[in-house]
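Observations on the model geometry
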Amino acid sequence: MPSTELGTHALEAAPDDPMLPRPFRVVARHQDTADTATLDLEPVDGPGLIFTPGQFTMLGRLGVGEVPISISGDPAAPPLRHTIRDLGGVTHMLVQARVGDVLEVRGPYGTGWEVADGAGGDVLVVTGGIGLAPLRPALLQLVAQRDRYRNVTLLYGARSPADQLYPDELKQWAARGIEVHTIVDHGTADWRGRVGLVTSLIPRANVDPTQTLALLCGPEVMMRMVTNALLDVGVDPGRVRWSMERNMKCGVGLCGHCQLRDLFLCVDGPVLDYPVLAPLIATREL
Ligand SMILES: Cc1cc2nc3c(=O)[nH]c(=O)nc-3n(C[C@H](O)[C@H](O)[C@H](O)COP(=O)(O)OP(=O)(O)OC[C@H]3O[C@@H](n4cnc5c(N)ncnc54)[C@H](O)[C@@H]3O)c2cc1C
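Residues numbered from 1 in each chain as written. Predicted model: local features only at pLDDT ≥ 70, side-chain atom pairs only at ≥ 80, totals over all residues. Heavy atoms only, no water.

**Here's the deal with the side chain of Arg246**
Assignment of secondary structure puts Arg246 in the loop between β12 (240–243) and β13 (259–260). Separated by 2.8 Å, the side chains of Arg246 and Glu220 make a polar contact. (Helix = DSSP H or I, 4+ residues; strand = E, 2+ residues; numbered from the N terminus. Polar contact = N/O pair within 3.5 Å; in protein donor to acceptor, adjacent residues only side chain to side chain.)

**Details of unusual backbone geometry**
Excluding glycine, a negative phi dihedral is what most residues carry, and trans is how most peptide bonds are arranged. Cis rather than trans, the peptide bond between Gly107 and Pro108 has omega equal to 10°. Residues Gly269 and Pro270 are joined by a peptide bond in cis, for which omega reads 10°. Its place among the elements puts Pro270 in the loop between α6 (265–268) and β15 (271–273). Its identity is not glycine, yet Glu114 carries a phi of approximately 50°, on the positive side. Looking at where Glu114 falls in the secondary structure, it is placed in the loop between β6 (102–109) and β7 (122–128).

**Description of the domain arrangement of the chain**
We note that the domain assignment places domain 1 (16–109) and domain 2 (115–243) within the chain. If you average the C-alpha positions of domain 1 and of domain 2, the two centres end up 24 Å apart. Contact with domain 1, which involves 18 residues of that partner, is made by 14 residues of domain 2. Summed over both partners, the interface of domain 1 with domain 2 comes to about 1200 Å²; 57% of that surface belongs to carbon and sulfur atoms. Here domain 1 is connected to domain 2 by one salt bridge. Two residues, Arg159 and Asp35, come together in a salt bridge whose shortest N-O distance is 3.1 Å. At the junction of domain 1 with domain 2, the criterion picks out three residue pairs in polar contact (both at pLDDT 80 or more). If you list the elements that add at least two residues to the side of domain 1 that touches domain 2, you get β1 (22–33), β2 (36–43) and β5 (80–85). The element that contributes the greatest number of residues to the side of domain 1 that touches domain 2 is β5, accounting for four residues. (Domains from an automatic or database assignment. Contact = heavy atoms within 4.5 Å. Buried area = accessible area lost by both parts, 1.4 Å probe. Salt bridge = Lys/Arg side-chain N within 4 Å of Asp/Glu carboxyl O.)

**What to know about the environment of Gly187**
The topology assignment puts Gly187 in the loop between β9 (178–184) and β10 (194–195). Residues Gly187 and Arg159 lie 28 residues apart in sequence; the distance between their C-alpha atoms is 8.6 Å. For Gly187, the residues in contact, after removing those within four places along its chain, are Pro161 and Val195.

**A word on the site of the ligand**
Residues in close proximity to the ligand total 19 residues, the closest being Pro68, Arg85, Thr91, Glu245 and Asn247. Within the backbone of Glu245, an N or O atom sits 2.6 Å from a nitrogen atom of the ligand. At 2.5 Å, a side-chain N or O of Asn247 approaches a nitrogen atom of the ligand. When the free accessible area of the ligand is taken as 870 Å², the share hidden by the protein chains comes to 68%. Where the shell around the ligand is concerned, the elements lending two or more residues are β4 (65–70), β5 and α2 (89–96). The leading source of residues in the shell around the ligand is β4, at four residues. Across the shell around the ligand, the residue classes break down as ten nonpolar, six polar and three charged. (Near = heavy atom within 4 Å. Areas by Shrake-Rupley, 256 points an atom, 1.4 Å probe, with all protein chains shown as cover. Nonpolar A, V, L, I, M, F, W, Y, C, P; charged D, E, K, R; others polar.)

**Points about the side chain of Thr212**
Following the sequence through the fold, Thr212 ends up in strand β11 (residues 212–217). What makes Thr212 buried here is its relative accessible area of 1%. Looking at Thr212, its side chain comes within polar contact range of the main-chain oxygen of Asp208, at 2.6 Å. Those residues within four positions of Thr212 in sequence are excluded, and the remaining contacts are Asp122, Leu124, Val207, Val235 and Arg239. (Buried < 20%, exposed > 50% of the residue type's maximum accessible area, 1.4 Å probe, protein only.)

**What about the sheet that holds strand β8 (residues 152–158)?**
Spatial ordering of the open sheet is given by β10-β9-β8-β7-β11-β12-β15, a layout of seven strands whose pairing is mixed. Each edge of the open sheet is held by one strand with a lone partner, namely β10 and β15. With two bridges connecting them, β9 and β10 associate as parallel partners. Each residue of the ladder has a partner; that of Ile183, found in β10, is Arg194. Against the sheet, helix α4 (residues 167–175) touches β8 and β9, its axis set at about 145° to β9. (Pairing = 2+ DSSP bridges. Axes fitted to C-alpha atoms, helices over the stretch in contact; angles between N-to-C directions.)

**Digging into the packing of helix α3 (residues 132–144) against α4**
Across the interface, α3 lies against α4 with an axial gap of 11 Å and an inter-helix angle of 30°. The angle between α3 and α4 places the two elements in the roughly parallel class. The handedness of the crossing between α3 and α4 is left-handed. Across from Leu132, Arg136, Leu139, Leu140 and Val143 in α3, the residues of α4 making contact are Glu169, Leu170 and Trp173. Taken together, the residues of the contact of α3 with α4 break down into six nonpolar, no polar and two charged. (Parallel < 35°, antiparallel > 145°, perpendicular 65-115°, else oblique. Left-handed = near helix turned anticlockwise from the far one by under 90°.)

Here it is in structure tokens:
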């Protein structure tokens, strides 16, 4: 093949390169809590992203850096949405982004929640803090197809009432057949809800343990405690799924940054069945 043709092919192949970032413009921004904001993004050109609930993108800006952020938007409708908590350098830049700013997006990457596996039975979603964001697309799917499931329950813990994400949507989901129970670590004078750990809500979940698919996202210690409580009441470990949000860099299983023994969490995860994780989660992150 003449070298000019090779060059043409290389250029043509470039847009499909999973490592190639694409520019997306911020078209809407919402300040969710003191340290968390939601950004809606549209591609500067070309098609939008098609994703599965649970997947993430590498989101950032040239010259600043990029970080893995789960897609929190509706899989059935654009724009591409991310909810970001300001933790460090890159997330600070993202939370500060304004409408009209252009960010770089790679992906979508990783495995999904595969909510449909719960059809015909009960689905129990347990999450804490920013962990509700990666589960929002799955909850929207459950709301849209509510009649395919028996009971759908969301147990959501936040640090304080002001730290609760999507408070209006929590009410809308409850009105559309999702049983929603919330709890906070620290109440306020006007808080009339529950105070304590999200695990204390588990007995309130109206589910048949033998027919339950459980979806968990939050701090690992929370997911361990919730899993132990679910296994104690007879939930099948193979129907407990975690989103493992450990540090990642390339997103495509090349760099080894997120390697856990023989798993690359960016491609084999982030959503994994508990029996796959159980022998590995004692491993400390490097
Ligand atoms: C698959 C996946 C999905 C994610 N989805 C979201 C999301 O939807 N919204 C969101 O706000 N964040 C999400 N995160 C976490 C986000 O990627 C980190 O907060 C970000 O990488 C921090 O980078 P930084 O440069 O802002 O801060 P850094 O300076 O790199 O880190 C600031 C502090 O945060 C800690 N930290 C860094 N990464 C993580 C992590 N993954 N988990 C816990 N602590 C961490 C660091 O140890 C340090 O103490 C996700 C992570 C993964 C792996």
